[in-house]
Amino acid sequence: MKFDFKDSPVIRELGASADNMYRLGWNERNGGNISILLDDEDVLPYIDPTKIIRDLPLAVEFPQFAGRYFVATGTGKYFKNISRNPENCVGLIRISDDGKRSHLLWGFSDGGCYTSEIVMHLGAHKERLAQNPDHRVVMHAHPTNTISMTHIHKWDEIEFTRTLWQMCTECIVIFPEGVGVLPWMVSSSPEIGLASAEKFREYRILIWALHGCTVTGTSLDEAFGLMETVEKGADIFIRIAKNPNRSTGIDSNMLKQVAQAFNLTIKKGYLD
Ligand code: 13P
Ligand code: ZN
């Protein structure tokens, strides 16, 4: 007898993360989505992979993920409901052997489908996995201060990164490689998905101007920690942006001292 997948550690942790994200105000309504690349041992004690519920189409082929399992939140599903009703809000898929389709093995019980941002998610998984074999999680949200910051700050990656680093000392320590930034684009399209995937070659964090933020990690905790650190920096920026008494913040000289103390590798052009 198989155990129930909804009681698996993966689904429990996914629900707990969704609850935290919702309570922090990052995921209004169905805003945001999460996907996790799974290993066989996360799935096979619970699921018979030959029992396909139905097929779900993929707009872009991912042959490198043939036979791999993912859980993903569903399109239109409210974050506040994920932990209460994971079987409806989340789906477990296996990418088909030719990488062109996916087989639904569990979830989306009302006939739903995975997030409309699936190309961005699978593209991000592909690029981050190439950088780090332990990579597993992609998390997209609409954190208020991060979005607000894109309304008043230039969408330049180096300048955006440096402004965040200047806000509080931990920022450069937590994301020394900086943040990627994409200009405004229509969301949920293969175009934004593929443009995002390219950014994830270099960054674990990607800001979509006037939309939100996507983070990646080896675990839900790690991804969540990146999102909350970016949002903390953006929160401070929004609070002080209009204050005539604001200081220059953590300047390049101070940032260099932090980089040295924490042995951080900082790319050329970010601090010179
Ligand atoms: P989904 O409901 O399709 O996941 O879309 C939400 C979202 O944040 C789009 O960018
Ligand atoms: Zn979004």
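Refer to the structure presented above.
What this report covers is the structure whose coordinates are included nearby.

Structural notes on the pairing of strand E9 (residues 212–217)
Okay, so step 1: For E9, a buried count of 6 out of 6 residues is recorded, marking the element as mostly surrounded by other parts of the structure.
Okay, so step 2: Pairing of strand E6 (residues 137–141) with E9, which is carried by 5 bridges, proceeds in the antiparallel orientation. What sits directly across from Ala141, in E9, is Cys213.
Okay, so step 3: The loop that links strand E8 (residues 205–208) with its antiparallel partner E9 comprises 3 residues; one of these, Leu210, has a positive phi angle of about 60°.

Let's talk about the sheet that holds E9
Okay, so step 1: In spatial order, the strands read E2-E5-E4-E3-E1-E6-E9-E8-E7; together these 9 strands make up an open sheet with mixed pairing. Only two strands of the sheet have a single neighbouring strand rather than two, namely strand E2 (54–57) and strand E7 (180–182). The average undirected angle you get between the axes of adjacent strands in this sheet is 25°.
Okay, so step 2: Bridge count for E2 against strand E5 (residues 101–107) is 4 bridges, and the pairing is antiparallel. Within E5, the position partnered with Pro57 by the bridge is Arg101.

Some points on the layout of surface pockets
Okay, so step 1: The space that makes up the largest pocket amounts to roughly 190 Å³.
Okay, so step 2: When contributions to the lining of the largest pocket are tallied by element, the ones reaching two or more residues are helix H1 (9–23) and strand E1 (33–38).
Okay, so step 3: Residue composition of the lining of the largest pocket, grouped by class: 7 nonpolar, 2 polar and 3 charged.

Observations regarding helix H6 (residues 157–167)
Okay, so step 1: Within H6, burial applies to Glu157, Phe160, Thr161, Thr163, Leu164, Trp165 and Met167.
Okay, so step 2: The N-cap of H6, judged by a side-chain oxygen 3.2 Å from the amide nitrogen of Ile158 a few residues on, is Asp156.

Considering helix H5 (residues 144–152)
Okay, so step 1: Inspection of H5 places Asn145, Thr146, Ile147, Met149 and Thr150 among the buried residues, and these make up the whole buried set.
Okay, so step 2: The inward-facing, buried residues of H5 abut H6, E8, E9 and helix H9 (220–240).

Looking at the nonpolar core
Okay, so step 1: Judged by nonpolar contacts, the single largest core of 57 residues is most densely connected at Phe5, Ile36, Leu38, Val71, Leu92, Met139 and Val179.
Okay, so step 2: It is H9 that provides the largest number of residues to this core, a total of 8 residues.
Okay, so step 3: Contacts of Val71, omitting those with residues within four sequence positions, involve Phe5, Val10, Ile11, Leu14, Ile34, Ser35, Ile36, Leu38, Val90, Gly91 and Leu92.
Okay, so step 4: Leu56, Ile95, Phe108 and Ile118 belong to the second largest nonpolar core, which has 16 residues in total.

Regarding the side chain of Glu177
Okay, so step 1: Here Glu177 shows up in the loop between helix H7 (170–174) and E7.
Okay, so step 2: Discounting residues that sit within four places of it in the chain, Glu177 has contacts with Glu202, Tyr203, Arg204, Lys267 and Tyr270.

Some points on the pairing of E8
Okay, so step 1: Of the two faces of E8, the one holding Ile205 and Ile207 and the one holding Leu206 and Trp208 are both buried throughout.
Okay, so step 2: Examined bridge by bridge, E7 and E8 share 3 bridges and lie parallel to one another. From the neighbouring strand, Leu182 faces E8, where its bridge partner is Trp208.
Okay, so step 3: Viewed along the sheet, the connection from E7 through helix H8 (residues 190–199) into E8 turns out right-handed.
Okay, so step 4: Across 4 bridges, the pairing between E8 and E9 is antiparallel. Residue pairing for E9: Ile205 is matched across the bridge by Val215.

So, the packing of helix H4 (residues 118–131) against H8
Okay, so step 1: Packing of H4 against H8 leaves a shortest axis separation of 8 Å and a crossing angle of 15°. It follows that H4 is roughly parallel to H8 by the angle criterion. For the pair H4 and H8, the crossing hand works out as right-handed. Contacts between H4 and H8 pair Val119, Met120, Gly123, Ala124 and Glu127 from the former with Pro190, Gly193, Leu194, Ser196 and Ala197 from the latter.
Okay, so step 2: Split into classes, the residues belonging to the contact of H4 with H8 amount to 6 nonpolar, 3 polar and 1 charged.

What counts and how
- Residues numbered from 1 in each chain as written.
- Chains lettered and ligands numbered in written order.
- Predicted model: local features only at pLDDT ≥ 70, side-chain atom pairs only at ≥ 80, totals over all residues.
- Heavy atoms only, no water.
- Buried < 20%, exposed > 50% of the residue type's maximum accessible area, 1.4 Å probe, protein only.
- Helix = DSSP H or I, 4+ residues; strand = E, 2+ residues; numbered from the N terminus.
- Pairing = 2+ DSSP bridges.
- Axes fitted to C-alpha atoms, helices over the stretch in contact; angles between N-to-C directions.
- 1 Å grid on protein atoms, 1.4 Å probe; cavity = no way out; pocket = protein on both sides within 12 Å on 5 of 7 lines; lining within 4 Å.
- Points joined across faces, edges and corners; volume = space filled by probe spheres on them.
- Nonpolar A, V, L, I, M, F, W, Y, C, P; charged D, E, K, R; others polar.
- Polar contact = N/O pair within 3.5 Å; in protein donor to acceptor, adjacent residues only side chain to side chain.
- Contact = heavy atoms within 4.5 Å.
- Core = buried A, V, L, I, M, F, W, Y, C linked by side-chain atoms within 4.5 Å.
- Right-handed = clockwise from strand over helix to strand, strands pointing away.
- Parallel < 35°, antiparallel > 145°, perpendicular 65-115°, else oblique.
- Left-handed = near helix turned anticlockwise from the far one by under 90°.

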